[in-house]
Amino acid sequence: MIFIGLQPSLAAGDAVATGTRVGGDENRTRFVADISKTVNYSVYVLPDPYRVVIDLPNVTFDLPPGIGQKVRGLVSQYRYGQVEEGKSRIVIDTQGPVLIEKSFLVDPQPGQPARLVVDLVKTTEKAFVKSYNSEQAKLQQDIAALSAEPLAPPAAEKKIILPNKRGKKIIVLDPGHGGIDPGAISRAGTKEKDVVLSFASVLRKALLATGKYEVVMTRSDDRFISLRNRVTVARDKNADLFLAIHADTVRGKDARGVTLYTLSEKASDAEAEALAKRENRADIIGGLDLEAETEEITDILIDLAQRESKNHAMFFSKKAVSHLKPLTLMTGKPLRSAGFMVLKAPDVPSVLLELGFLSSESDEKLLTSAAWQTKIAKAFATAMDAYFATELASTAN
Ligand SMILES: [Zn+2]
């Protein structure tokens, strides 16, 4: 069941979430959020893994760090943040299938914030699926009812690719994670989403300084972007190169260094496969319904384009490694491949850069150092120059 709380009048200005509480046991659990004022909200469940999603308007979360990490009753953990302009979200991971028994919002009282209450009850997988399916069917009906107006003409099948008149190569930089999804977090509390955004900004500057590139960022602030939308940016911009930027953690403190990943269905090794699995969870962490997000691409031409893009991506990665190696520590195997969702733009050479490991204090120090970031960014700019120069030579007739 979808619960939608609509309030007739809302005061201007963002609401602030000032506290959350979880109470109850493994059969029945109540989740409460204190919010500075009355807001519209909707609550629904998602499968695979089981989650409860609370959609809210822009809410500033003023909550103690580390909140939401403890198991309590049916709740295994929860996170919160902005998912898009004007839209915030709380995602609650549950121990198993649950139903939303009820949800309501208590208006603020003098000296007391508004309270958003969600009551969860344990259920069977079968009952969950039934409820989820009827919820989806109802959603479709609502959408159909809303679009009683004549349908807009279908979007053009093929995108028209405009030649890049200024002759600049288009680079899309994709700082991973953001908003509700912090990515990896170091022991000291450094968040992957912040480190990669900071590096991407430095790299953007280094690329612009050459005068050869047009640089597009998938995000330039702390916001959540789905993996599909990241890929869409690369395709829509008709990018010459897409570079996803990450900084992972692993168990143990010893793993260190830079690695470059390209796309392959079969992972180059178990570590690469595990990493791709973790990175591909970003949409789940953001509370997206993957059923609705999946886009089937079956065109054989796309397959061919993908093969060529992969070759280019591999070629660039090799160039990058040769430029980086003299400057900084690389992992033992700095060129790897796995099935990263974000690298799947069929017509854009796409590479995922792991800057290092936030689980290593030494790497963390480098990753957060402006001098190191600048040095590595410059090396990447040089590697791109070399890549495109060779590229141009090999395609010129
Ligand atoms: Zn990551």
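Residues numbered from 1 in each chain as written. Predicted model: local features only at pLDDT ≥ 70, side-chain atom pairs only at ≥ 80, totals over all residues.

Before going further, it helps to examine the overall build of the protein. A count of helices and strands for the protein gives nine helices and 16 strands. Taken over 397 residues, the protein has a buried fraction of 38%. In the protein, once contacts between residues fewer than 6 apart in sequence are set aside, the share between residues at least 24 apart is 76%. (Helix = DSSP H or I, 4+ residues; strand = E, 2+ residues; numbered from the N terminus. Buried ≥ 20, exposed ≤ 12 C-beta atoms within 10 Å, placed from the backbone. Contact = placed C-beta atoms within 7 Å.)

Our focus in this paragraph is the sheet that holds strand β11 (residues 169–175). Taken together, the six strands give an open sheet; going across it, the order is β12-β11-β13-β16-β14-β15, and neighbouring strands pair in mixed fashion. The outermost strands of the open sheet, each flanked by one partner alone, are β12 (213–217) and β15 (330–338). For this sheet, the mean angle separating the axes of adjacent strands, direction not counted, is 20°. Strand direction decides the pairing type here: strand β14 (residues 258–263) and β15, joined by five bridges, are parallel. Residue pairing in the sheet places L263 in a bridge with A338 of β15. The strands touched by helix α4 (residues 270–279) within the sheet are β13 (241–248), β14 and β15, with β15 carrying the most contacts at an inclination of about 65°. (Pairing = 2+ DSSP bridges. Axes fitted to C-alpha atoms, helices over the stretch in contact; angles between N-to-C directions.)

Moving on: α4. Looking only at α4, the buried set comprises A272, L275, A276 and E279. Along the axis of α4, the buried positions cluster into a sector of 100°, meaning they face one direction only. Among the structural elements, β13, β14, α5 (282–285) and β15 are those in contact with the buried residues of α4. (Arc of directions from axis to C-beta.)

Glancing now at unusual backbone geometry. In this model, D48 is joined to P49 through a cis peptide bond whose omega is 0°. Within the element layout of this structure, P49 appears in the loop between β4 (41–46) and β5 (51–57). Of note in this structure, D48 is not a glycine but carries a positive phi near 65°. Classification of D48 as exposed rests on a count of 10 C-beta atoms within 10 Å. Phi is positive for N238, close to 55°, though the residue is something other than glycine. Tracing the chain through its elements places N238 in the loop between α3 (227–236) and β13.

A word on α3. Buried residues of α3: L227, R230, V231, V233 and A234, and no others. The arc that holds the buried residues of α3, viewed along the axis, is 150°, so those residues lie on one side. Along its buried surface, α3 packs onto β11, β12, β13, α5 and β16 (350–357).

The five strands lie next to each other as β6-β2-β3-β10-β9, forming an open sheet whose pairing is mixed. Two strands bound the open sheet, and with one partner strand each, they are β6 (59–61) and β9 (98–106). Shown here is a sheet whose adjacent strand axes are inclined to one another by a mean of 30°, direction ignored.

The buried count for strand β8 (residues 87–94) comes to six of eight residues, which makes it a mostly enclosed element. The pairing of strand β7 (residues 75–84) with β8 spans eight bridges and is antiparallel. Looking at β8, one finds that G81 is bridged to R89. Where β7 folds back on β8, the antiparallel hairpin that results is connected by two residues, among which G86 adopts a positive phi of roughly 75°.

Turning our eyes to something else, we now look at the confidence of the model for the protein. Counting all residues, the mean pLDDT for the protein is 86, and 86% of those residues have values of 70 or more. This model gives residues 6–11 a pLDDT under 50, and the stretch forms five contacts once residues within four places in sequence are excluded. Within the model, the stretch residues 149–163 combines pLDDT values under 50 with one contact to residues more than four positions away or in other chains. (pLDDT = per-residue confidence, 0-100.)

This paragraph deals with the nonpolar core. F242, L243 and I245 are the most contacted members of the largest nonpolar core, which totals 57 residues. In terms of residue count, helix α2 (residues 192–209) provides more of this core than any other element does, eight residues in total. In this structure L243 touches I171, L173, D174, V351 and L353, once residues within four positions along its chain are discounted. V39, V52, L74 and Y78 belong to the second-largest nonpolar core, a separate cluster that totals 33 residues. (Core = buried A, V, L, I, M, F, W, Y, C linked by C-beta atoms within 7 Å.)

To continue, consider the environment of A313. Its place among the elements puts A313 in helix α7 (residues 300–324). Given 24 C-beta atoms within a 10 Å radius, A313 is considered buried. Distance from A313 to L260, taken between C-alpha atoms, is 9.9 Å for residues 53 residues apart in sequence. If we ignore the near neighbours within four places in the chain, the residues touching A313 are T262, P349, S350 and V351.

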